[in-house]
Amino acid sequence: MRVLVVAAPLLGHVFPLMPLALALRDAGHEVVVATGGEALRVRDSGLHVEDVVPANVRFGPIALRIMVTHPLVAKREMRGSGRLDFVSRLFGTVGDAMTKPLQEFARGWKPDVVVHEPLAAAGSALGVPSIVHDVSLFDGLELTKAVGARMRAEVRSPATVLRTAPPSLATFPGGDRMRFVAYSGDGDVPQWLAEPAGKPRILVSRSTAPGPGTGRMMAAVAKAAEHLDAEFVFIRPERLEGLPDNVKTVGWVPIPRVLPFCDGIVHHGGAGTLLSALAAGVPQLVEPGPGDRTVHANAITTRRAGLSAQPNSVTPELLTRLVEDAKLQRAASEVRDEIGAMPAPSEIAALWEDLTPRK
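For the structure given in this document, a descriptive report is provided here. (Residues numbered from 1 in each chain as written. Predicted model: local features only at pLDDT ≥ 70, side-chain atom pairs only at ≥ 80, totals over all residues. Heavy atoms only, no water.)

1. Thoughts on the packing of helix α4 (residues 71-78) against helix α5 (residues 85-109)
Working step 1: Taken N-terminus to C-terminus, the directions of α4 and α5 make an angle of 110°; their axes are 8 Å apart at the nearest point. Compared by their axis directions, α4 and α5 come out roughly perpendicular. Contacts between α4 and α5 pair V73, A74, R76 and E77 from the former with D85, F86 and R89 from the latter. (Axes fitted to C-alpha atoms, helices over the stretch in contact; angles between N-to-C directions. Helix = DSSP H or I, 4+ residues; strand = E, 2+ residues; numbered from the N terminus. Parallel < 35°, antiparallel > 145°, perpendicular 65-115°, else oblique. Contact = heavy atoms within 4.5 Å.)

Structure representation (structure tokens):
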């Protein structure tokens, strides 16, 4: 069977699809990943990756245009209360740009089914049966519908959805459950980061997507870090100078391979990092913000598997709680076990013929 896997041109959107894509290949299916931009990096996986995003598609200018023409929508989005108004406009525009290249490729390759993440709704505009692959704590069907409604192309309703959210954090009607498996591609991990530190180790990451204020949380953690007997590891920091002695820095590293050697992680609230930490059973401190970040921060604190704070609220006491609070650790471990009990992508791939809608 030919399976076309479609993602918006961002790493955080294509990475969550890769475990299933690779499992389908290993099960004997022909798999092509269609995306663009920085997400083309998944070519390292060995799968064929088709570039379907025109070079002139850039998120920054699109977002700025929406902010200028819809200032109230933009204001709500920056507060983290925009629901789907801003994101549907943003990814609807990107989806329109992806549709024609996708349709041209599909006419030639003739996929039997399309699997796409919710914000790549163009995957359901190809006249081919489609399946939505959830990648966050939002309802993928609702997201696909909202983005599709903004697009010029006719976006058909997907046949079903693969639900990856842990049930204790988010439950939606319908679909089939599938375990979230963390994926961040290949990359070297320094030896010292692939073994215990001998003291509490806190990983600090920031978004791979461009946006304002991406370095504020790292700066806040750096200020508090010098008061703690712990090791802090900053991934891709914006600045290297003036950091306390107990702060180490690294470039790109595959976070899933590093998390088992960490006692906590501080991050921006993106779905991939949030679910990776949950899958590893590592307590997390999430910065609420635009898009899905506030929803994720609220979900993690409601489940008591993590903390939420703005940069100006980060203190040595808060970071100490992150790595020493037994209740946080217990809840994070419970969610890890919950994720582990869900069907693996390899199990879903083995049942693919039964799950897949027919043309």
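2. Considerations on the nonpolar core
Working step 1: Judged by nonpolar contacts, the single largest core of 38 residues is most densely connected at L4, V6, L90, F91, M98 and L102.
Working step 2: For this core, the elements supplying multiple residues, two or more each, are β1 (2-6), β2 (30-35), α3 (59-69), α4, α5 and α6 (140-150).
Working step 3: The biggest single contributor to this core is α5, with 10 residues.
Working step 4: Each residue touching L102, except ones within four places of it in the same chain, is listed here: L4, V6, A34, V52, A122, G123 and L126. (Core = buried A, V, L, I, M, F, W, Y, C linked by side-chain atoms within 4.5 Å. Buried < 20%, exposed > 50% of the residue type's maximum accessible area, 1.4 Å probe, protein only.)

3. Some details on the packing of α5 against α6
To characterise two packed helices, one gives the angle between the axes of the helices and the distance between these axes.
Working step 1: In the contact formed by α5 and α6, the axes pass within 7 Å of each other and the chain directions differ by 60°. Of the two elements, α5 crosses α6, and the hand of that crossing is right-handed. Residue-level contacts link D85, S88, R89, F91, G92 and D96 of α5 to A146, V147 and R150 of α6.
Working step 2: Counted by class, the contact of α5 with α6 contains three nonpolar, two polar and four charged residues. (Left-handed = near helix turned anticlockwise from the far one by under 90°. Nonpolar A, V, L, I, M, F, W, Y, C, P; charged D, E, K, R; others polar.)

4. Structural notes on the sheet that holds strand β5 (residues 130-133)
Working step 1: The parallel open sheet is built from seven strands, whose spatial order is β3-β2-β1-β4-β5-β6-β7. Edge positions in the sheet fall to β3 (48-51) and β7 (176-177), since each has one partner strand and no second.
Working step 2: Of the pairings in the sheet, the one linking strand β4 (residues 113-116) to β5 comprises three bridges and is parallel in character. Each bridged residue has a counterpart across the sheet, and for V115 the counterpart in β5 is I131.
Working step 3: Along the sheet, helix α2 (residues 18-26) contacts β1, β2, β4, β5 and β6 (160-163); its crossing angle with β2, the most-contacted strand, is approximately 155°.
Working step 4: Contacts from α6 reach β4, β5 and β6, with the element oriented near 130° to β6. (Pairing = 2+ DSSP bridges.)

5. Looking at the side chain of S124
Working step 1: Position of S124 relative to the elements: it lies in the loop between β4 and β5.
Working step 2: Within the local environment of S124, its side chain forms a polar contact with the side chain of H116, the two groups lying 2.7 Å apart. (Polar contact = N/O pair within 3.5 Å; in protein donor to acceptor, adjacent residues only side chain to side chain.)

6. Digging into α4
Working step 1: Within the sequence span of α4, burial applies to V73, A74 and E77. The buried residues of α4 occupy one face: seen down the axis, they fall within an arc of 100°. Relative to its buried face, α4 has exposed residues pointing more than 90 degrees away, namely L72 and K75. (Arc of directions from axis to C-beta.)

7. Looking at unusual backbone geometry
Working step 1: The backbone of K110 sits at a positive phi, close to 60°, despite the residue not being glycine.
Working step 2: Among the residues examined, K110 registers a relative accessible area of 54% and is labelled exposed.
Working step 3: Here the phi dihedral of R304 falls at roughly 65°; this positive angle occurs in a residue that is not glycine.
Working step 4: Structurally, R304 can be placed in the loop between α10 (293-302) and β13 (306-308).

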